[in-house]
Structure formats: C-alpha cells, structure tokens
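Close look at the chain arrangement
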Amino acid sequence: LFEAVQKGPAIEVFALNRAFLEDTEPKKANLGVGAYRTNEGKPWVLPVVRKTEIKITSDETINHEYLPVLGNDAFTKAATGLLLGDNSSAIADKRAFGIQTLSGTGALRIGAQFLRVILDRRVAYYSNPTWENHHKVFADAGFETLRSYRYWDQEKRTIDFEGLLADLDAAPEGAVIILHACAHNPTGCDPTQEQWKQIADLMERKKLFPFLDSAYQGFASGDPEKDAWAVRYFVERGFELFVAQSFAKNFGLYCERVGNLTVVQRNAASSEAVASQFTWLVRGMYSNPPAFGSRIVATVLNNPELRKEWMECIKTMSGRIIKMRKALFDRLTELQTPGTWDHIVSQIGMFSYTGLNEKQVRVLIDDFHVYLLKSGRINMCGLNENNVDYVAQAIHTAVTK
Ligand code: PMP
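Residues numbered from 1 in each chain as written. Predicted model: local features only at pLDDT ≥ 70, side-chain atom pairs only at ≥ 80, totals over all residues.

In the annotation of an unreviewed UniProt entry, the entry for the chain reads aspartate transaminase, and the organism field reads Bactrocera dorsalis. The chain has a UniProt comment under Cofactor (unreviewed entry) that states "pyridoxal 5'-phosphate". Quoted verbatim from the Sequence similarities (unreviewed entry) heading of the UniProt record, the comment on the chain is "Belongs to the class-I pyridoxal-phosphate-dependent aminotransferase family." (UniProt positions renumbered as here; feature names shortened; annotations may be inferred.)

Laid out in structure tokens, this is it:
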C-alpha cells in the first residue's frame, strides 16, 4: 500500500532553514525563515509573554478542560477589539465576532472552508506574488478556481496598481479576494490609503468578497492602530468580510498557534447561524482549539499594564527591523552596488523583496552561506550589527559578478 506513495516536493522555506542549520561556516546568515531574531541572532521570547506564561502555569485555578469549539471568549473578544478598534461600531452592534483558530493559517483555512461549503464560493484571487501558502490553503478547502492578480512591478519595484485594478475588475461577481492587511509578504509594499479607497470602490461595485490576511499587526510599524487602517476602512465602508489574524509575529508565539478569524456581517441577526455553522466546521476538523497561547494573549491584551509592556515589545521588534533596513541600505550605497536600493528602506514589515534574481541568490547561498528564498525575499530580522557588513559585501559581489 505505502510503497506506491510518491515523495512530495520540499517546502522551500523549511528546506532552506535545514540547509542553514547543517552549514558549518561560522559566517553563515539566515535571511530565509519568517521569524524575529535579536541582534544576537537568537529567537526572542517577549518579556511580557515570559512573565505571563509563568503566571499562567503557576495558577492552580487554571485547568485543562476543553475550550468551547469556537475558542476562548476572552481571547476572541480581545483579538477582535485589537483588530477593529475599541470604538468599533461593528463590535458595538454585535455584527462582528471572533473565532479562535490555529494561528493565521488556521484562520484562512476555516474561513475558506466556510466560504466554500456554506456560501458556495468557488473562485479566489491572491496577489502575485503572495505568501506561498495562500494557494494551497484555498485549494485544500476546495476552491476550484484560484487566480492571481497583478501586484508587483519588478522593474520599478513598486505595486503594479494599474495591473491590480484591471485584474480585480475582470474577476467574476462574488469572487473571494485575499488582501494583505499590512506589510505585504513578500514585497513589503502596501497600497497607499488612496489606493485602498480605489480597491474598495472597485470591490464594492463588482461585489467581491474581501478576505484580509493580518499576520503583522503592530509588528509592521510598531503601532497596531496604524497597521489596522485598511481593515478598519473596509469595515467602516460597510463590507461584509473575513479577517485572518495571526499572533505568531506580534507576540512571538509561532509554535503556540494562536489566531483569530474575525467575521464582520451587515446584520447582527445572522451571527447565531453563522457561528453555528463555524462550530460544525471546526467540530469536524479538530473539534476544539488549544488553550495556552490564547490565555497568554488574552491576559496581556486585557490588562492595561501588560498591554503597555507588549506595545514596548512590538516597538523594539519593529524598531530593530527599521534600523537594519537602514544599515543594509547604507552599506550598499557606500559600496556603490549597481542598481537602486531605496526600496529596502521604503518597504515595511519583516521582509524585503530585494529584486535579486535566482542566479544572484545561488551565489549568495553557495559562495557566501547567506540563505534567502529564490524569489530574492529576505527577512530583515536575519540581519544584525555583526553580519550586515558581510551580507552587504556578499550582495555586492553577487550583483557585480
Ligand atoms: N499570512 C501571511 C501573509 C504570513 O506571512 C503568514 C506567516 N508567515 C501567515 C499568514 C500565517 O502564519 P501563522 O499560521 O504562523 O500564523
């Protein structure tokens, strides 16, 4: 039976990480994996998270009973509030509610499943390029037609906004459009507020369904309010929509799988039926979500003192990334590396889409032990004060070779 099974392809980002870990060169640098690193190149447990997890694990009143199918109420309310804002009329009107999910990926998957099974949606669009998992998540949920809309102008290293509008304009009524709420992965380029307005106008006119993917709220700019602008704008305009929220990056809770799917409806009257259908979908997939990470996030967001400490942590992370963008840009400028590098400082979030081609990427990996995705995407967190000179020199050599 099992002998006939063919091996599947490697997942690039994880294969790259494994190659990095096996590499014995002391100067090696990992710009591939999508996780925060300190200036010492180490993973970071946010101090407020450490403090809170110790408090939770030593609290003898907490037990390991099942959570409700749709999750920890204190968590989903806090997550939805963080996303839509404490003064959100959608929350006050009970038109918006949250479902605890297995991180951002789980929120996308359960949302896609609902759209496919309950609302019979069959067509979804994602940006070209996008986070590599969007296609698979929607395909596995049963979407029959998956298309991309233009997003990136490689030559100008900006958004191909005309292309984006043209492709969305050609989408059939009812199509699901995946939009990155902020810090677009992998390009680091977001639409301006004016461009978001035009996207919303078009989507309203064409009756397209917005599915916003919010994996970097607060982590991108250091300000969760600012990073939620596009989501809140769509909600204020009266769209019915889904938002997939991840707490992997902004709380550093990658492996705890803490996420929330925010559902915004036109009328509160549909909430009960919608929630009950989600309950059945979750029941058949994994029955109930895990508790630990959601307790950490709920405790922090619901306590003003801890929340303030968390805000400091996200400023530390986003500040270090911005500093590394500037450091890399300055080094490449000093070296007079051919090409323009302004995009490194203008892009936001964890990633930079360098514009390096596959051949140059190969040189970086093979000759310099600097690991990055073949698309040229680099994780700025992989840079630190000790390796930025080396990485800049390696890029310079790869470009001029
Ligand atoms: N969407 C985007 C755009 C992402 O970059 C990521 C993380 N790489 C995710 C969703 C989901 O991540 P997770 O499931 O770890 O929350």
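Brief notes about the overall build of the chain
Along the backbone of the chain there are 16 helices and 13 strands. Whereas a compact globule of 401 residues would reach a radius of gyration of roughly 21 Å, the chain reaches 21 Å, a difference of no more than 12%. In the chain, which comprises 401 residues, the share counted as buried stands at 46%. (Helix = DSSP H or I, 4+ residues; strand = E, 2+ residues; numbered from the N terminus. Rg over C-alpha atoms; globule rule 2.2 N^0.38 Å. Buried ≥ 20, exposed ≤ 12 C-beta atoms within 10 Å, placed from the backbone.)

Describing unusual backbone geometry
Each neighbour pair has its own omega, and for Asn 128 with Pro 129 the value is 5°, a cis peptide bond. Here Pro 129 is to be found in the loop between strand S3 (123–128) and helix H6 (134–140). With an omega of 20°, the peptide bond running from Asn 185 to Pro 186 counts as cis. Located in the positive-phi region is Arg 157, a residue other than glycine, with phi close to 55°. Taking the C-beta count within 10 Å as the criterion, Arg 157 has 20 such neighbours and is therefore assigned buried. Located in the positive-phi region is Gln 336, a residue other than glycine, with phi close to 55°. Along the chain, Gln 336 falls in the loop between helix H13 (304–334) and helix H14 (342–346).

Looking at the site of the ligand
Close contacts around the ligand come from Gly 34, Ser 103, Gly 104, Thr 105, Trp 131, His 180, Asn 185, Asp 213, Ala 215, Ser 246, Ala 248 and Gly 259, and that covers them all. Along the lines of polarity and charge, the residues of the shell around the ligand split into 3 nonpolar, 8 polar and 1 charged. (Near = placed C-beta within 6 Å. Nonpolar A, V, L, I, M, F, W, Y, C, P; charged D, E, K, R; others polar.)

Re the pairing of S3
Across 6 bridges, the pairing between S3 and strand S4 (residues 145–150) is parallel. Across the sheet, Ser 127 pairs through a bridge with Tyr 149, a residue of S4. This β-α-β element, S3 to H6 to S4, shows right-handed connectivity. Alignment of S3 against strand S7 (residues 176–180), held across 2 bridges, turns out to be parallel. Bridging from a neighbouring strand, Ala 124 pairs with Val 176 of S7. (Pairing = 2+ DSSP bridges. Right-handed = clockwise from strand over helix to strand, strands pointing away.)

Overview of helix H12 (residues 292–301)
In terms of burial, H12 is a largely internal element, 9 of the 10 residues being buried. Those residues of H12 not exposed but buried are Gly 293, Ser 294, Arg 295, Ile 296, Val 297, Ala 298, Thr 299, Val 300 and Leu 301. Turning to H12, the residues buried within the fold contact helix H2 (47–57), helix H3 (73–84), strand S2 (96–102), strand S10 (258–264) and H13. (Contact = placed C-beta atoms within 7 Å.)

Considering the confidence of the model for the chain
Across the chain, the average pLDDT comes to 96, with 100% of residues at 70 or higher. Reported confidence for the predicted complex is 0.99 by ipTM and 0.96 by pTM. (pLDDT = per-residue confidence, 0-100.)

Remarks on H2
Looking only at H2, the buried set comprises Val 48, Val 49 and Thr 52. One side of H2 holds all its buried residues, which, seen down the axis, span an arc of 95°. Exposed residues on H2 whose side chains face more than 90 degrees from its buried face are Ile 54 and Thr 57. Lining the buried residues of H2 we find H12 and H13. (Arc of directions from axis to C-beta.)

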